[in-house]
Amino acid sequence: VTPDAELVARVVGSDDRSAFGELVQRHQSAVRHFLRHLCRHDSALADDLAQDTFVQAYRSLGRFRREASLSTWLLGIAYNYWRNARRRMRPHSPLDERIPENAAERATFHSDLRHDLELALRELSADERLAIHLCYQQGKSHEEIAGLLDWPLGTVKTHLLRAKEKLRQPLAAWNPQT
Amino acid sequence: MNLPPDETRLAELLRQPPLPDDGFSARVAAVLPAPATSRSFRGVFITLGALAGGAIALTRIGSLGNLPGAVEQAFAPVAVELATPTLWLGLMAAAGSVAYALFAAGPRSTAQ
């Protein structure tokens, strides 16, 4: 597998669009999952924002400095696009507060445990859910989350700690030996 | 990232299957900006303009040997005008605009 850095160099050096296409294919799932999480599962809006994210990434790739991984950098662009969209849409449609309730999403619950976990996740604040998503679903370190969201490191740790406390009860009920 | 057992369990429960591409990459490819050729074309235009200007100037003055006299003659009225401060202001504004048009970056990045 060609490393991200090599593909980035090909895009920046010779405007290699097939290399950029490979980067999109490689990272589209993480970016779209992240935006679906932020948009409370409004997948159409999330995909529009994801498209804008990759176009902006294409334009800015020459300024990517590898201080963060490419995926973290992409999530940072996605987060900025979501914040702009939220600012525009807030009076009409509060993206933060919409809770997914449609049948298709309920059907994705593969077990009662997942269902309980989903209910427990709804009890978390938006920031706690975001921290949990980035840490456990995107595999980002505390430092990466702090950089991506422009939060102090202590805030990231506090959100994660509180979120885990809130999730502990439903998890313990399904796994009494822990 | 190495996680303690209960955190590993949480990570397993929260894990989502990768989203299928479903034509997403193709949609992105379709809306990418056109190849950036403007910068190279700009260089060619500037070079051609400079060569054309030089050629016209040479035909007017006859040979390179006449250049110092021709320059002095051409710039004598300009030197008088340059003593006016408002002209300097105008020239600086024009130079700033040209510099911005030539060297400003593309759209502002929202990247971190």
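How each quantity is defined
Residues numbered from 1 in each chain as written. Chains lettered and ligands numbered in written order. Predicted model: local features only at pLDDT ≥ 70, side-chain atom pairs only at ≥ 80, totals over all residues. Heavy atoms only, no water. Helix = DSSP H or I, 4+ residues; strand = E, 2+ residues; numbered from the N terminus. Buried < 20%, exposed > 50% of the residue type's maximum accessible area, 1.4 Å probe, protein only. Areas by Shrake-Rupley, 256 points an atom, 1.4 Å probe, with all protein chains shown as cover. Core = buried A, V, L, I, M, F, W, Y, C linked by side-chain atoms within 4.5 Å. Phe/Tyr/Trp six-rings, centres within 6.5 Å; stacked < 30°, edge-to-face > 60°. Axes fitted to C-alpha atoms, helices over the stretch in contact; angles between N-to-C directions. Parallel < 35°, antiparallel > 145°, perpendicular 65-115°, else oblique. Left-handed = near helix turned anticlockwise from the far one by under 90°. Contact = heavy atoms within 4.5 Å. Nonpolar A, V, L, I, M, F, W, Y, C, P; charged D, E, K, R; others polar. Patch = residues over 30% accessible without salt bridge, like charges linked within 9 Å, V, L, I, M, F, W, Y side chains within 5 Å. Salt bridge = Lys/Arg side-chain N within 4 Å of Asp/Glu carboxyl O. Buried area = accessible area lost by both parts, 1.4 Å probe. Polar contact = N/O pair within 3.5 Å; in protein donor to acceptor, adjacent residues only side chain to side chain. pLDDT = per-residue confidence, 0-100.

S.K.: What am I meant to see in the overall build of chain B here?
M.R.: Along chain B, the regular secondary structure elements total five helices and zero strands. Reading chain B from its N end, one meets helices and strands in the order α-α-α-α-α. Classification of the 112 residues of chain B by burial places 11% in the buried group. Accessible surface, chain B: about 8400 Å² in total, of which carbon and sulfur atoms supply 70%.

S.K.: Before we go on, may I ask you to explain the nonpolar core in this structure?
M.R.: It is characteristic of soluble globular proteins that their nonpolar side chains tend to be buried jointly. Residues A:Phe20, A:Phe34, A:Leu35, A:Leu61 and A:Ile132 are the most contacted members of the largest nonpolar core, which totals 60 residues. The element best represented in this core is helix α4 (residues 70–89) of chain A, accounting for ten residues.

S.K.: Can you help me understand the packing of aromatic side chains in this one?
M.R.: To describe a pair of aromatic rings, one takes the distance between the centres and the angle between the planes. Residue and element names in this part refer to chain A. On inspection of all chains with the given rule, the structure shows five aromatic pairs over all chains. Centroid distance Phe 20 to Tyr 58: 5.1 Å. Interplanar angle 70 degrees. Geometry classified as edge-to-face. Of the two residues, Phe 20 is situated in helix α2 (residues 17–38) and Tyr 58 in helix α3 (residues 43–60); the sequence distance between them amounts to 38 residues. A single burial state applies to Phe 20 and to Tyr 58, both of which are buried. Centre to centre, the rings of Phe 34 and Tyr 79 are 6.4 Å apart; their planes meet at 40 degrees, and the pair counts as tilted. Taken as a pair, Phe 34 in helix α2 and Tyr 79 in helix α4 lie far apart in primary sequence, 45 residues in all. This pair shows no difference in class: Phe 34 is buried, exactly as Tyr 79 is. Taken together, the ring pairs connect Phe 34, Tyr 79 and Trp 82 into an aromatic cluster.

S.K.: How should I be thinking about the packing of helix α1 (residues 4–14) of chain A against α2(A) in this particular structure?
M.R.: In a packed pair of helices, the relevant descriptors are the angle between the two axes and the axis-to-axis distance. All names here are of chain A. Look at α1 against α2: their axes get within 8 Å of each other, and the N-to-C directions meet at 140 degrees. Viewed along their axes, α1 and α2 adopt a mutual orientation that is oblique. Remark: the crossing between α1 and α2 carries left-handed chirality. Facing Asp 4, Leu 7, Val 8, Arg 10 and Val 11 of α1, the residues of α2 in contact are Ser 18, Ala 19, Phe 20, Glu 22, Leu 23, Arg 26 and His 27. Along the lines of polarity and charge, the residues of the contact of α1 with α2 split into six nonpolar, two polar and four charged.

S.K.: In this structure, what is going on with a nonpolar patch on the surface? I would like to understand it.
M.R.: On the surface, B:Leu58, B:Leu64, B:Leu67, B:Val71, B:Phe75 and B:Val78 cluster together into a nonpolar patch covering about 520 Å² of accessible area. Position of B:Leu64 relative to the elements: it lies in the loop between α3 (38–61) and α4 (67–81).

S.K.: For this particular structure, what's the right way to read the interface of chain A and chain B?
M.R.: Often, the extent of an interface is quoted as the loss of accessible area on bringing the components together. Contacts between chain A and chain B engage 46 residues on the former and 33 residues on the latter. The contact between chain A and chain B buries some 3500 Å² in all, and 59% of this surface belongs to carbon and sulfur atoms. Across the contact surface, chain A and chain B share zero salt bridges. Run the count over chain A and chain B and you get seven residue pairs in polar contact (both at pLDDT 80 or more).

S.K.: What's the story with the side chain of B:Ser25 in this structure? I'm lost.
M.R.: Counting through the fold element by element, B:Ser25 comes out in helix α2 (residues 24–31). When its relative accessible area of 8% is taken as the criterion, B:Ser25 is described as buried. Discounting chain neighbours no more than four positions away, the residues touching B:Ser25 are A:Gly21, A:Val24 and A:Gln25.

S.K.: I keep staring at the confidence of the model for chain B and nothing clicks. Help me out?
M.R.: Detail in the predicted coordinates should be disregarded across regions flagged by low pLDDT. Residue and element names in this part refer to chain B. Residues at a pLDDT of 70 or more form 83% of chain B, whose mean pLDDT is 78. Mean pLDDT values over the elements of chain B span from 77, in helix α1 (residues 5–14), up to 95, in α2. Within the model, the stretch residues 106–112 combines pLDDT values under 50 with 18 contacts to residues more than four positions away or in other chains.

S.K.: What is the right way to read the pattern of salt bridges from this model?
M.R.: Side-chain pairs of opposite charge can arise where the charged atoms are in close proximity. All names here are of chain A. Taken as a whole, this structure holds eight salt bridges over all chains when the rule is applied. With a closest N to O distance of 3.3 Å, Arg 26 and Glu 22 form a salt bridge. Taken together, the residues Arg 26 and Glu 22, both in helix α2 and four residues apart, mark about one turn of the helix. The exposure class assigned to Arg 26 is partly exposed, which follows from its relative accessible area of 29%. Asp 47 is paired through a salt bridge with Arg 36; the nearest N and O atoms lie 3.5 Å apart. Pair noted here: Asp 47 is in helix α3 and Arg 36 is in helix α2, with a separation of eleven residues, a long-range link. In this pair, the class of Asp 47 matches that of Arg 36, namely buried. Linked by salt bridges that have partners in common, Asp 4, Glu 22 and Arg 26 make up one network.

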